[in-house]
Amino acid sequence: MEKIGFGGGCHWCTEAVFQSLRGVEKVEQGFVKADPPHDSFSEAVLIEFDVAAIPLETLIEVHLRTHASTSHHKMRGKYRSAVYVFDSRQASESQRALKILEQGFDQPLVTQILEHKEFKLSDQRFQNYYVSNPDRPFCKSYIDPKLKLLTARFSSNFKII
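Reading guide: rules and limits
- Residues numbered from 1 in each chain as written.
- Predicted model: local features only at pLDDT ≥ 70, side-chain atom pairs only at ≥ 80, totals over all residues.
- Heavy atoms only, no water.
- Core = buried A, V, L, I, M, F, W, Y, C linked by side-chain atoms within 4.5 Å.
- Buried < 20%, exposed > 50% of the residue type's maximum accessible area, 1.4 Å probe, protein only.
- Contact = heavy atoms within 4.5 Å.
- 1 Å grid on protein atoms, 1.4 Å probe; cavity = no way out; pocket = protein on both sides within 12 Å on 5 of 7 lines; lining within 4 Å.
- Points joined across faces, edges and corners; volume = space filled by probe spheres on them.
- Helix = DSSP H or I, 4+ residues; strand = E, 2+ residues; numbered from the N terminus.
- Nonpolar A, V, L, I, M, F, W, Y, C, P; charged D, E, K, R; others polar.
- Phe/Tyr/Trp six-rings, centres within 6.5 Å; stacked < 30°, edge-to-face > 60°.
- Lys NZ or Arg CZ within 6 Å of the ring centre and 35° of its normal.
- Pairing = 2+ DSSP bridges.

**Here we look at the nonpolar core**
Residues Phe 6, Phe 18, Ile 47, Leu 59 and Ile 60 are the most contacted members of the largest nonpolar core, which totals 37 residues. Residues in contact with Leu 59, not counting those within four places in the same chain, are Phe 6, Phe 18, Leu 21, Val 24, Ile 47, Phe 49 and Ile 54. With eight residues, the next largest nonpolar core counts Ala 34, Ala 44, Leu 114 and Phe 119 among its residues.

**A look at the layout of surface pockets**
The computed volume of the largest pocket comes to approximately 210 Å³. Considering the residues around the largest pocket, the lining is formed by 14 residues, among which Gly 9, Cys 10, Cys 13, Tyr 142 and Lys 146 are closest to the centre. Listing elements by their share of the lining of the largest pocket, those giving two or more residues are helix H1 (11-19) and helix H5 (137-153). Top element by residues in the lining of the largest pocket is H5. It accounts for three residues. Across the lining of the largest pocket, the residue classes tally to six nonpolar, six polar and two charged.

**Some words on the packing of aromatic side chains**
Here the structure, examined in full by the defined rule, presents six aromatic pairs. Between Trp 12 and Tyr 129, the aromatic rings sit 3.7 Å apart at their centres with planes inclined by 10°, giving stacked as the arrangement. Of this pair, Trp 12 sits in helix H1 while Tyr 129 sits in helix H4 (residues 129-132); the two residues are 117 residues apart in sequence, bridging distant segments of the chain. The same class applies to Trp 12 and to Tyr 129, which are both buried. Between Trp 12 and Phe 138, the ring centres sit 5.2 Å apart and the planes meet at 85°, which makes this aromatic pair edge-to-face. Taken as a pair, Trp 12 in helix H1 and Phe 138 in helix H5 lie far apart in primary sequence, 126 residues in all. Owing to a relative accessible area of 17%, Trp 12 belongs among the buried residues under this scheme. Relative accessible area serves as the criterion here: at 25%, Phe 138 is assigned to the partly exposed category. Each residue in the set Trp 12, Phe 126, Tyr 129, Phe 138 and Tyr 142 is aromatic and connected to the rest through ring pairs, giving one cluster. Directly above the ring of Phe 105 sits Arg 65, whose terminal nitrogen or CZ lies 4.0 Å from the centroid. Over the aromatic face of Phe 41 sits the side chain of Lys 120, whose NZ or CZ is 4.3 Å from the ring centroid.

**Some points on helix H2 (residues 56-65)**
Counting buried positions over the ten residues of H2 gives eight, a clear majority of the element. Of all the residues in H2, the buried ones are Leu 56, Thr 58, Leu 59, Ile 60, Glu 61, Val 62, His 63 and Leu 64.

**Describing the pairing of strand S1 (residues 2-7)**
Where burial is concerned, most of S1 is hidden: five out of the six residues are buried. When S1 meets strand S3 (residues 42-49), the two strands line up antiparallel, connected through five bridges. Opposite Ile 4, over in S3, you have Ile 47 as the bridge partner. For S1 and strand S4 (residues 82-85), the ladder comprises three bridges, and the chain directions are antiparallel. Its bridge partner being in S4, Gly 7 is matched across the sheet by Ala 82.

Remember that the coordinates give geometry; whether it matters functionally is a separate question.
Encoded structure:
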């Protein structure tokens, strides 16, 4: 098992996206920070995954396709677009994947590769948000479209949650 972090949009959405992938064994929703100037907490998830079941490049592509990875919008402080790595090998692999995947986007990616420094879990009442609340308006409006994209574009990696 390997561990990596992803941030970019609402962590309720990001949690549901990664919970729906085969090979992802654990998803922790919360807030992460990196080194300055990225040392404020930003919404993110930490995941544990089986590299034999789902490669890191696929995880990164899923992440890029399920949040505004090319936008410098005003909420980037709360929703930092990043891959949070735990070692130099992950950093190199992630940089290489971003460079390759960026070719499939109309605009440059804003997603950064940052070293994970600290993580704190979301309040328990928000954990497994989509699984616990699939019929809530937020889930219907924001999470369901992301899961629909996964079923269409990443069907071999998709599992029903």
